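Structural overview for review
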Amino acid sequence: MTAVSLRLRDHSYDVLIGPGVRTALAGVIRRLGAERAVVVSARPREWVPDTGVQSLVLPAHDGEHDKTLGTVEALCGEFARFGLTRSDVVVSCGGGTTTDVVGLAAALYHRGVPVIHLPTSLLAQVDASVGGKTAVNLPAGKNLVGAYWQPSAVLCDTDYLSTLPRREMLSGLGEIARCHFIGAPDLRGLTLAEQITASVTLKARIVEADERDTGVRHLLNYGHTLGHAVERATGYAVRHGEAVAIGTVFAGQLAGALGRIGQARVAEHCDVVRHYGLPTALPAEADTAALLRLMRHDKKALRGFTFVLDGPEGAALVSDVPPDVVASVLDRMPRTPVADLVASPGGARR
């Protein structure tokens, strides 16, 4: 087991990583002093460890289509019927969308109750469960309604990952791949557990420096501006990590077009993404005009098109990127039908 500590000014917690760490749940709840728990699980009942206290287990569904305010309202209603108080605890058990939805419900109910995350997907372990961002989608865009609500603990049990389908693993690898360009060392030669630990450690250090997205935390959105647009343009047929991988390749090409990096570094973006077996082409169903329109709704877009881009001093937030340059780079990227894109993404070389 490995423990990564995240220390904020008024809140600290540990992320435990390794096989079997979900069995630590009862001890964590005991240390919090909670007497009751609501467990919201998108996984089979036997995947949920003993809480050690009186508990209500609620079913959940992973997937962007359930990542709505309606789902949050329904959860809060169940919390109220159970009699949950601020001295109790909420536990999430599922992938990234379950983690986000449950985190937001915990943040809003009684203006905040403690939450513990048991992320069961690679994507949730390396990204969604750590850092305190919670959000749901609106028809106008992804993650537009949310709150910052730090968990009391995160238990990344790597045993959960042994049951994941290939595409679910790829989705998590998309977040690991983008770490290469925001300050992580080259992770390609490491074991999966080491890659998870390195990714969580990088995110923890960034969140400690900037909990509320006023500066360096923007780096974590590398590849996400186009990635979110690709997700929405395909009706989420392209999954989050796959879309972030495509967005990472695009970010390299856009940085090259703006003269921020040389061609060798541009090519490195594609090489890293391909190494993890992730897609590098845009979905043919997402035309340039639609992607431009969707990217205008990105939360970072304070002035014109805004992207996190590589540069001579590393990645940085770049505003007022000329629309014609963005469109030109999109037009030059290869395109593949979604069905082919997700069936044989990039050819793994692990």
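Residues numbered from 1 in each chain as written. Predicted model: local features only at pLDDT ≥ 70, side-chain atom pairs only at ≥ 80, totals over all residues. Heavy atoms only, no water.

1. Thoughts on the pairing of strand S11 (residues 305-309)
Of all five residues that make up S11, five are buried, and the element is covered over most of its length. Across the two faces of S11 the burial is the same, with Phe305, Phe307 and Leu309 and Thr306 and Val308 all buried. As judged from the four bridges shared by S11 and strand S12 (residues 316-321), these two strands associate in the antiparallel manner. Note that in S12 the partner of Phe305 across the bridge is Val321. In this structure, the hairpin formed by S11 and S12 is closed by a connection of six residues, where Gly314 is found at a positive phi of approximately 100°. (Buried < 20%, exposed > 50% of the residue type's maximum accessible area, 1.4 Å probe, protein only. Helix = DSSP H or I, 4+ residues; strand = E, 2+ residues; numbered from the N terminus. Pairing = 2+ DSSP bridges.)

2. So, the sheet that holds strand S6 (residues 115-119)
Spatial ordering of the open sheet is given by S1-S2-S9-S6-S5-S3-S4, a layout of seven strands whose pairing is mixed. Edge positions in the sheet fall to strand S1 (2-7) and strand S4 (54-59), since each has one partner strand and no second. The average angle at which neighbouring strand axes cross in this sheet is 15°, direction not considered. Across the sheet, helix H3 (residues 96-108) is in contact with strand S3 (36-41), strand S5 (89-94) and S6; its angle to S5 comes to roughly 165°. On top of the sheet, helix H6 (residues 192-209) reaches S1 and strand S2 (12-18); it is set at about 10° to S1, its chief contact. (Axes fitted to C-alpha atoms, helices over the stretch in contact; angles between N-to-C directions. Contact = heavy atoms within 4.5 Å.)

3. Concerning empty space enclosed by the protein
One pass over the structure, following the stated rule, counts two cavities of 30 Å³ or more. Reported here for the second largest cavity is a volume of approximately 50 Å³. The wall of the second largest cavity is formed by Asn221, Tyr222, Gly223, His224, Thr225, Leu226, Gly247, Phe250, Ala251, Phe307 and Val308. Among the secondary structure elements, those contributing two or more residues to the lining of the second largest cavity are helix H7 (224-233), helix H8 (240-257) and S11. For the lining of the second largest cavity, the per-class residue count stands at six nonpolar, five polar and no charged. (1 Å grid on protein atoms, 1.4 Å probe; cavity = no way out; pocket = protein on both sides within 12 Å on 5 of 7 lines; lining within 4 Å. Points joined across faces, edges and corners; volume = space filled by probe spheres on them. Nonpolar A, V, L, I, M, F, W, Y, C, P; charged D, E, K, R; others polar.)

4. A closer look at helix H1 (residues 25-32)
For H1, the complete set of buried residues consists of Leu25, Ala26, Gly27, Val28 and Ile29. In the segment just after H1, Gly33 is the residue with positive phi, at about 80°.

5. Let's talk about the pattern of salt bridges
If you walk through the whole model with that rule in mind, you get 18 salt bridges. Residue Arg178 pairs with Asp127 through a salt bridge whose shortest N-O separation is 3.6 Å. Of the two residues, Arg178 is situated in helix H5 (residues 166-179) and Asp127 in helix H4 (residues 122-128); the sequence distance between them amounts to 51 residues. Residue classification places Arg178 among the buried residues on the basis of a relative accessible area of 2%. Linked by salt bridges that have partners in common, Asp127, Glu175, Arg178 and Lys203 make up one network. (Salt bridge = Lys/Arg side-chain N within 4 Å of Asp/Glu carboxyl O.)

6. As for unusual backbone geometry
Within the chain, Arg111 stands out as a residue other than glycine whose phi angle is a positive 60°. Looking at the secondary structure, you find Arg111 in the loop between H3 and S6. Residue Arg111 is classed as exposed on the basis of its relative accessible area of 73%. Located in the positive-phi region is Asn143, a residue other than glycine, with phi close to 60°. Tracing the backbone shows Asn143 in strand S8 (residues 141-148).

Everything listed here is a matter of coordinates, which is why it stays silent on function.
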